[in-house]
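# Architecture and fold: a report
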Number of protein chains: 2
Amino acid sequence: MMTKKIRSNCPVSYALELIGDKWSLLILRDIILRDKRFYHEFAASAEGIATNILSNRLAMLESNGFINKQRDTEDRKRYIYSPTEKGLDLLPVIISMMQWSDKYNNETDIRPPLMEKVRKDPKGYEKSIRAKFSA
Amino acid sequence: MMTKKIRSNCPVSYALELIGDKWSLLILRDIILRDKRFYHEFAASAEGIATNILSNRLAMLESNGFINKQRDTEDRKRYIYSPTEKGLDLLPVIISMMQWSDKYNNETDIRPPLMEKVRKDPKGYEKSIRAKFSA
DNA sequence: CATTTCACTTGCTTTTTACAAGCAAAAAAA
DNA sequence: TTTTTTTGCTTGTAAAAAGCAAGTGAAATG
């Protein structure tokens, strides 16, 4: 079996090898912060991911334990994607990126009232997001 | 002038468009955490970046204000690369990646005694790194 | 002034991404 | 029961990015 060779044992490098691309964290953002659950919802995000890339990343995220995939029992022709603890544990990475962009990109969207809460109380924000998934 | 079209105004997407690749944050890690300053030092890192990619990323990091580049006055045939505040402000992203990898990759290197301090006191670690550059 | 060091650059191949179109399983409609 | 629609992909092809080896040019060094 052909396993991909690892670059180094540096923790930064390790994380980048898994989610160091322009799409994986965006899909996790949709699942974790925007409560998206279905393939078509990810495909509809503003960034416009190509469906082959979406399919590829969902498979990668699932095989690496970031998300779960299961048939929707209410509508059996679709699947429900949900975050695992491993995926949710990337929330600090996502939030620190948000904080950085909030400081350096003045075009950053304020519409999702997320940002306001992130500014005032990032730890509280993280907890409130996590709480959604501990039910 | 040809400016690259932005995907969306989402702060996560914005950060990923700039540093969402497998190398940019690794170079910043070298500069910020490992006190590397020269081209040949980055090229020598364990991950083995190709020199054309290194050159490309250093130019990108400089043009986007993450790092500064200046001639070394002691050895004028080389350049010194140093982080800007904008680059240093990615430290929380880097540290949260380290924490995540520490939890999910048991091969993560412990050699740089960094990890121990990150585990015990991540905020203090961040401050101590920042202190190096405020001189 | 020839040699070495440092920081790239170039050429070529391989891999990844992007875009458009097509396809199959499941459910709904006729 | 056959047709149509929805959902979640897969395929084909082109463009872009990454990887690899070799080469180049400016600045110091002998």
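Not measured: the values here are computed from a predicted model. (Residues numbered from 1 in each chain as written. Chains lettered and ligands numbered in written order. Predicted model: local features only at pLDDT ≥ 70, side-chain atom pairs only at ≥ 80, totals over all residues. Heavy atoms only, no water.)

### A closer look at the protein's contact with DNA strand C
Neighbouring DNA strand C are 19 residues, the closest being Arg57(A), Arg76(A), Thr51(B), Arg78(B) and Tyr81(B). Sugar and phosphate atoms form 71% of the subset of DNA strand C atoms that lie within 4 Å of the protein. Here Thr51(B) contributes a side-chain N or O atom positioned 2.8 Å from a base oxygen of DNA strand C. Among the elements of the structure, helix H4 (51-63) of chain A together with helix H3 (39-43), helix H4 (51-63) and strand E2 (79-83) of chain B are those that each provide at least two residues to the surface near DNA strand C. In terms of residue count, H4(A) provides more of the surface near DNA strand C than any other element does, four residues in total. Looking at side-chain class alone, the surface near DNA strand C contains six nonpolar, six polar and seven charged residues. (Near = heavy atom within 4 Å. Polar contact = N/O pair within 3.5 Å; in protein donor to acceptor, adjacent residues only side chain to side chain. Helix = DSSP H or I, 4+ residues; strand = E, 2+ residues; numbered from the N terminus. Nonpolar A, V, L, I, M, F, W, Y, C, P; charged D, E, K, R; others polar.)

### Describing the relation of the copies chain B and chain A
Expressed as a screw operation, the relation of chain B to chain A combines 0.0 Å of axial shift with a rotation of 180°, fitting to an RMSD of 0.0 Å. In symmetry terms, the pair is related by a two-fold rotation axis. Every residue of chain B has its C-alpha some distance from the rotation axis, and the shortest such distance is that of Asp21(B), at 2.4 Å. (Least-squares fit on C-alpha atoms with pLDDT ≥ 70 in both.)

### Remarks on the interface of chain B and chain A
With 43 residues of chain B at the contact, the number on the chain A side is 43 residues. Carbon and sulfur atoms make up 67% of the surface buried where chain B meets chain A, a total of about 4000 Å² over both sides. On the chain B side of the contact with chain A, Arg7(B), Lys22(B) and Trp100(B) bury the most area, a combined 18% of that side's loss. If you look at where chain B meets chain A, you find four salt bridges. Residue Lys103(B) pairs with Asp89(A) through a salt bridge whose shortest N-O separation is 2.7 Å. Counting the contacts that link chain B with chain A gives 23 residue pairs in polar contact (both at pLDDT 80 or more). Element by element, the count of residues in the side of chain B that touches chain A is highest for helix H6 (residues 91-104) of chain B, at ten residues. Class assignment of the residues belonging to the side of chain B that touches chain A gives a composition of 22 nonpolar, eight polar and 13 charged. (Contact = heavy atoms within 4.5 Å. Buried area = accessible area lost by both parts, 1.4 Å probe. Salt bridge = Lys/Arg side-chain N within 4 Å of Asp/Glu carboxyl O.)

### Considering the protein's contact with DNA strand D
In the vicinity of DNA strand D, 18 residues are found, and the nearest of them are Arg78(A), Tyr81(A), Asn52(B), Arg57(B) and Arg76(B). The sugar-phosphate backbone supplies 67% of the atoms of DNA strand D found within 4 Å of the protein. Separating a phosphate oxygen of DNA strand D from a backbone N or O atom of His40(A) is a distance of 3.1 Å. Within the backbone of Tyr79(A), a nitrogen or oxygen atom sits 3.2 Å from a phosphate oxygen of DNA strand D. For the surface near DNA strand D, the secondary structure elements donating two or more residues are helix H3 (39-43), H4 and strand E2 (79-83) of chain A together with H4 of chain B. If one sorts the elements of the surface near DNA strand D by residue count, H4(B) sits on top with four residues. Taken together, the residues of the surface near DNA strand D sort by class into six nonpolar, six polar and six charged.

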